[in-house]
Amino acid sequence: MLLSLVLITIYFREPAPRSRPAGLSSRSSTAVKRRVVAGVLVLLSLVLITIYFREPANGGLHGVQSAGATVLRPFEVAANRVASPFRDAYGWFSGLVHAKDENADLRAKLDRLRAQVIQNSTAATENADLKRQLDYQQSPEFPKDFNPVNAEVIGRLPSEFDQQVTIAAGSSRAIRVDDAVITADGLVGKISHVGGHQAQVMLLTDPDMKVAALDLDAQSAGLVGHGEGPGTLTLDRVRKSAVVNPGDSIVTQGFKLGPLSSIYPANIPIGYVSGASLSEVDLFWQVQLSPSVHFDSLRSVIVLVPKKRGR
Amino acid sequence: MTPNLLEPAKAALLIFVAAILQVTIFNEIDILGGYPDVVLLTLVAIALLRGSIYGAACGFFAGLLVDTATLSTLGVTSLLLTIAGYWIGRYGETTGRDRLHAPFVSVAVATVLVQIGALILHYMLGDDVSARTVLLGALPAKVGLNLLLTLPVYALTRRVLAIASPPATATEVRLLGQ
């Protein structure tokens, strides 16, 4: 651009046209001739533009242009054929020059697409979870005396001391301490702390958790608590006279004693018996359970709010 | 063919070849956002070597060819190149013909003015044009590429038109009045 400005400056600073001797008729006639030629050609150009614009697409000038383009076509094809190897070579070198930038662009695009795939996959899993929860809420198995409050899990604090998660619903949605928390798979735990718009859930695997449970197959009652290993449960206080078999389903007992009742409704799945042992000195069965709920992958839960409390 | 008709025929042939090459090859060469304009280069060379009438006539013919081959609005390129050819021709006839820098100066000025003229003309015709793209994006590269090709195109045109080289520079001078 700077170079152009310099050249334009040179152009306009050139000395004026050499003066010519006056009275030379041939010179003046040449001047008139060239002005006439230039004027006629400019006028012709303007006429062409005007006619081209004013006539319809199938007008005469368009037809002439089309015919002209047809005549020129073979020459263009020939030029293209001759230039094709050179164009390919130019394209090849040009491609090499741009390959690095293109590679970086494609890598960035790949990263974006990978992130999108992960987001889509997460959304699909979440969608499936929520659908299962909705199906469960509309099924006859859902406890009748409770209203469901669906909440997303927004924080986790599972440690060797506490097994708790935080959910995105609180007292504003009628949630109170000790409300039962479940998923479509089974019992998750209970509410331990409540804020305005969030609450803390004590998981079934927390050392402080105890739930009255029932072996659905043997109809023997016991108390479910945390197991020895992380994420495991045990069923305690099962009388020696009862029968416990591996694979038995364990559900909440949901007892009711006069005005007192369990905070957990009856028949919420807790897990399956994975192992049971009994020695002669023991008073109760030692039963290990596999939880129905995968506590490590909780995304959303259902808080059971008693209907009598309302919202 | 008589010598009087041979020269216009040669000029027309040069313009024809340049126009075909322009629409088939050079329009596709995108370097830093611009492409060389060999039609303008050839026109500048002819106008400098043959004067304003040749310049105007060849400009009109070149514009007509380009507009026909690209199916653009007939007359637009003709108008621009007619004026450019006439102007450069006058420059050649008056001050520029014997100057070594004349082709370069003419090419740079013609490229800039034709580009600006084309922008104004297309704007007046209601086309969707961006001054920023035309003047800042494409023009600097176009001027640079045109200047790079000026010398070979000028030399080729000069050879085809069979113009004798300018007389050798005088080695001795005689001061006036002595």
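Observations concerning the overall build of chain B
Here's step 1: When you go through chain B residue by residue, the secondary structure sums to six helices and zero strands.
Here's step 2: Going from N to C terminus, chain B has its helices and strands arranged as α-α-α-α-α-α.
Here's step 3: When burial is assessed residue by residue, chain B has 49% of its 178 residues classed as buried.
Here's step 4: Long-range contacts, defined here as pairs at least 24 residues apart, represent 71% of the contacts in chain B between residues at least 6 apart.

Focus: the pairing of strand 13 (residues 286-291) of chain A
Residue and element names in this part refer to chain A.
Here's step 1: By the alternation rule, side chains of strand 13 split into V287, L289 and P291, which are all buried, and Q286, Q288 and S290, of which none is buried.
Here's step 2: Where strand 8 (residues 233-236) and strand 13 come together, three bridges link them in antiparallel fashion. Across the sheet, L235 pairs through a bridge with V287, a residue of strand 13.
Here's step 3: The pairing of strand 12 (residues 269-277) with strand 13 spans six bridges and is antiparallel. Along strand 13, the bridge assignment pairs G271 with P291.

Here's the deal with the packing of helix 2 (residues 38-50) of chain B against helix 3 (residues 52-70) of chain B
All names here are of chain B.
Here's step 1: Interaxial distance between helix 2 and helix 3 falls to 7 Å at its minimum, and their mutual angle equals 160°. Between helix 2 and helix 3, the angle falls in the class roughly antiparallel. Handedness of the helix 2/helix 3 crossing: right-handed. Within the contact between the two elements, helix 2 uses V39, L43, I46, A47 and R50 and helix 3 uses S52, Y54, G55, C58, G59, A62 and V66.
Here's step 2: Residues belonging to the contact of helix 2 with helix 3 are distributed by class as follows: eight nonpolar, three polar and one charged.

With respect to the interface of chain A and chain B
Where the parts come together, the accessible area they lose is often given as the size of the interface.
Here's step 1: Listed as interface residues are 33 residues of chain A and, on the opposing side, 31 residues of chain B.
Here's step 2: Mapped onto the side of chain A that touches chain B, the elements with two or more residues apiece are helix 1 (2-13), helix 2 (25-54) and helix 3 (60-138) of chain A.
Here's step 3: Element by element, the count of residues in the side of chain A that touches chain B is highest for helix 2 of chain A, at 12 residues.
Here's step 4: In terms of residue class, the side of chain A that touches chain B is built from 23 nonpolar, five polar and five charged.

Considering the sheet that holds strand 6 (residues 211-215) of chain A
Residues and elements named next belong to chain A.
Here's step 1: With antiparallel pairing, the six strands of this closed barrel are ordered in space as 6-7-8-13-12-9. Neighbour-to-neighbour, the strand axes of this sheet turn through a mean angle of 40°, independent of strand direction.
Here's step 2: Alignment of strand 9 (residues 249-252) against strand 12, held across three bridges, turns out to be antiparallel. Looking at the pairing, I250 lines up with G271 of strand 12.

Here we look at the environment of V114(B)
Here's step 1: Turning to its location among the elements, V114(B) is positioned in helix 5 (residues 102-124).
Here's step 2: Setting aside chain neighbours within four positions, we find V114(B) in contact with L40(B), L80(B) and A84(B).

A word on helix 5 of chain B
Here's step 1: Spanning 23 residues, helix 5 of chain B covers 32 Å between terminal C-alpha atoms, matching the ideal 33 Å at 1.5 Å per step.
Here's step 2: Among the residues of helix 5 of chain B, those classed as buried are A102(B), P103(B), V105(B), S106(B), V107(B), A108(B), V109(B), A110(B), T111(B), V112(B), V114(B) and Q115(B).

Points about the nonpolar core
Here's step 1: If you look at the biggest cluster of nonpolar residues, it comprises 59 residues, and the most contacted ones within it are A19(B), L43(B), V44(B) and A62(B).
Here's step 2: Looking at this core, the elements with two or more residues in it are helix 2 of chain A together with helix 1 (3-24), helix 2, helix 3, helix 4 (76-96), helix 5 and helix 6 (131-160) of chain B.
Here's step 3: By residue number, the principal contributor to this core is helix 3 of chain B, which donates 12 residues.
Here's step 4: Beyond its immediate stretch of four places on either side in the chain, L43(B) contacts G55(B), C58(B), G59(B), A62(B), L81(B), A84(B) and G85(B).
Here's step 5: Counting residues in hydrophobic clusters, the runner-up holds 42 residues, among them L214(A), Y264(A), L298(A) and I302(A).

Observations regarding the pairing of strand 8 of chain A
All names here are of chain A.
Here's step 1: Burial along strand 8 is one-sided: the residues L233 and L235 are buried and none of T234 and D236 is.
Here's step 2: Direction of pairing for strand 7 (residues 220-226) relative to strand 8: antiparallel, over a ladder of four bridges. The residue of strand 8 that forms the bridge with G225 is T234.
Here's step 3: What sits between the antiparallel neighbours strand 7 and strand 8 is a turn of six residues, in which G231 has the positive phi angle 80°.

Focus on the environment of S171(A)
Residues and elements named next belong to chain A.
Here's step 1: With respect to the helices, strands and loops of the structure, S171 is situated in the loop between strand 2 (163-167) and strand 3 (180-182).
Here's step 2: Each C-alpha atom, one on S171 and one on A199, is 8.0 Å from the other, the two residues being 28 residues apart in sequence.
Here's step 3: Ignoring sequence-local partners within four residues, the contact set of S171 consists of V194 and G196.

As for helix 3 of chain A
Residue and element names in this part refer to chain A.
Here's step 1: With 79 residues, helix 3 should cover 117 Å at 1.5 Å per step; its first-to-last C-alpha distance of 75 Å lies more than 12% under that length.
Here's step 2: Most pronounced at S84, the bend in helix 3 amounts to some 50°, and the proline P85 follows within four residues.
Here's step 3: Counted residue by residue, helix 3 has three buried out of 79 residues, so it is predominantly exposed.
Here's step 4: For helix 3, the complete set of buried residues consists of Q65, L72 and Q133.

Observations regarding the confidence of the model for chain B
All names here are of chain B.
Here's step 1: Residues with a pLDDT of 70 or more make up 87% of chain B, whose mean pLDDT is 84.
Here's step 2: Confidence scores differ between elements of chain B, with helix 1 showing the lowest mean pLDDT of 86 and helix 2 the highest of 92.
Here's step 3: This complex was scored by the predictor with a pTM of 0.53 and an ipTM of 0.78.

With respect to unusual backbone geometry
Residues and elements named next belong to chain A.
Here's step 1: For A174, which is not a glycine, the phi torsion comes out positive at approximately 70°.
Here's step 2: Here A174 is to be found in the loop between strand 2 and strand 3.
Here's step 3: The backbone of N267 sits at a positive phi, close to 65°, despite the residue not being glycine.
Here's step 4: Tracing the chain through its elements places N267 in the loop between strand 11 (260-261) and strand 12.

Criteria and cut-off values
- Residues numbered from 1 in each chain as written.
- Chains lettered and ligands numbered in written order.
- Predicted model: local features only at pLDDT ≥ 70, side-chain atom pairs only at ≥ 80, totals over all residues.
- Helix = DSSP H or I, 4+ residues; strand = E, 2+ residues; numbered from the N terminus.
- Buried ≥ 20, exposed ≤ 12 C-beta atoms within 10 Å, placed from the backbone.
- Contact = placed C-beta atoms within 7 Å.
- Pairing = 2+ DSSP bridges.
- Axes fitted to C-alpha atoms, helices over the stretch in contact; angles between N-to-C directions.
- Parallel < 35°, antiparallel > 145°, perpendicular 65-115°, else oblique.
- Left-handed = near helix turned anticlockwise from the far one by under 90°.
- Nonpolar A, V, L, I, M, F, W, Y, C, P; charged D, E, K, R; others polar.
- Expected span 1.5 Å × (residues − 1).
- Core = buried A, V, L, I, M, F, W, Y, C linked by C-beta atoms within 7 Å.
- Bend = angle between axes of the 7 residues up to and from the residue.
- pLDDT = per-residue confidence, 0-100.

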